[in-house]
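Read off the chains here:
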Amino acid sequence: MVASRLLPECAGPVPAAEGVSGAAARIVIMTDKPIAIASDHAGFQLKTLLSAEIRALGRGVLDLGTDSQDSVDYPDFAAAIAQAIGAGRAERGVLVCGTGIGIAMAANRHSGIRAAVCHDETSARLARQHNDANVLALGERLIGSEVAKGCLRTFLETEFEGGRHMRRVAKIDSSQTA
Ligand code: RB5
């Protein structure tokens, strides 16, 4: 389970609590990083709803746009999420477009990003347990808001199982070709 603690919007790493040091302090900082979220115009309404849900779960939100339903290009927002995660400004990310497909494809071109398109809580759970997905991709035009919220909660609360999956995920991360 992730640590539940109310954080301000766009919160970055939070200093460890007084008296906590070493490994424990590092864990506090890791789990308090915000969740980055971004969408294109077709995912804007669901992004707004999911941002509120992330806050309701006690996590900070790093909202990287878009800010309206005016037409934009989803690869730009996938890149913003990849940059935030790569720079350590966010622990995980959520991307929304019309289907979840294009924005996940774009995100997966970035080193270190493992974006999973999910349509139900089972796929969200397995994306974390087996694939250590660090980005959840959802399609506003394909799934309802309650299903999307369930995917989000599951994605945030499920840990990677490690073990045999560790080797396979390492192969994904090392298999980028020129
Ligand atoms: C935008 O019309 C739509 O193509 C986009 O949101 C997404 O579904 C692409 O994969």
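All residue numbers here refer to positions counted from 1 along the written sequence of the relevant chain. Given that this is a predicted model, residues contribute local features only at a pLDDT of at least 70 and side-chain atom pairs are listed and counted only at 80 or more, while totals for whole chains, interfaces and linings are drawn from all residues.

## Re the packing of helix 5 (residues 121-129) against helix 6 (residues 145-157)
Where helices are involved, their axes are fitted lines through C-alpha atoms of the stretch in contact, as for all axes, and angles between N-to-C directions lie from 0 to 180°. A run of DSSP states H or I qualifies as a helix once it reaches four residues; a run of E qualifies as a strand once it reaches two. Both are numbered from the N-terminal end. Orientation of helix 5 relative to helix 6, taken along the N-to-C sense of each, is 20°, at an axis distance of 8 Å. Here helix 6 runs roughly parallel to helix 5, going by the angle between their axes. In terms of crossing hand, the pair formed by helix 5 and helix 6 is right-handed. Packed against helix 5, whose contacting residues are Glu121, Ala124, Arg125 and Arg128, the element helix 6 presents Gly150, Cys151, Thr154 and Phe155 at the interface. Each residue receives one of three labels: charged for Asp, Glu, Lys and Arg, nonpolar for Ala, Val, Leu, Ile, Met, Phe, Trp, Tyr, Cys and Pro, and polar for the others, Gly being one of them. Here the contact of helix 5 with helix 6 is built from residues that sort into three nonpolar, two polar and three charged. Throughout, the term roughly parallel applies to angles under 35 degrees, roughly antiparallel to angles over 145, roughly perpendicular to angles from 65 to 115, and oblique to all others. Throughout, a crossing is termed right-handed when the near helix is turned clockwise from the far one, and left-handed when it is turned anticlockwise from it by less than a right angle. Two residues form a contact once the distance between their C-beta atoms, set from the backbone, is within 7 Å.

## Describing the site of the ligand
A molecule or strand has a residue near it when that residue's C-beta atom, placed from backbone coordinates, lies within 6 Å of it. Surveying the vicinity of the ligand reveals the residues Asp40, Ala42, Tyr74, Cys97, Gly98, Thr99, Ile101 and Gly102. Counted by class, the shell around the ligand contains four nonpolar, three polar and one charged residues.

## Thoughts on the confidence of the model for the protein
When pLDDT is averaged along the protein, the result is 86; 81% of the residues meet or exceed 70. Each residue carries a pLDDT score, the predictor's confidence in it, ranging from 0 to 100. Throughout residues 1-30 the model reports pLDDT below 50, and contacts reaching past four residues in sequence, or to other chains, amount to 37 contacts.

## Side note on unusual backbone geometry
Cis geometry marks the peptide bond from Gly65 to Thr66, where omega comes out at -5°. Counting through the fold element by element, Thr66 comes out in the loop between strand 2 (61-63) and helix 3 (74-86). A positive phi angle, close to 50°, is found at Asp132, a residue other than glycine. Any residue whose C-beta has 12 or fewer other C-beta atoms within 10 Å is treated as exposed, any with 20 or more as buried, and any in between as partly exposed, C-beta atoms being built from the backbone. In this structure Asp132 comes out as buried when scored by C-beta crowding, with 20 C-beta atoms within 10 Å.

## Some remarks on the pairing of strand 1 (residues 35-39)
The element strand 1 is largely enclosed, with a buried count of five among its five residues. Burial along strand 1 is two-sided: the residues Ile35, Ile37 and Ser39 and Ala36 and Ala38 are all buried. Following the backbone out of strand 1, through helix 2 (residues 44-56) and into the adjacent parallel strand 2, one traces a crossover that is right-handed. By convention, a crossover is right-handed whenever its connection, traced from the first strand over the helix to the second and viewed with the strands pointing away, goes clockwise.

## A few points about helix 6
An α-helix turns once per 3.6 residues; consequently, residues spaced three or four apart project the same way. Given a helix with a known number of residues, its expected span is that number minus one, times 1.5 Å. With 13 residues, helix 6 extends 18 Å from end C-alpha to end C-alpha; this agrees with the ideal 18 Å at 1.5 Å per step. Where helix 6 is concerned, the buried positions are Ala148, Lys149, Cys151, Leu152, Thr154, Phe155 and Leu156. For helix 6, the secondary structure elements touched by its buried residues are strand 1, helix 2, strand 3 (92-97), helix 5 and strand 5 (135-139).

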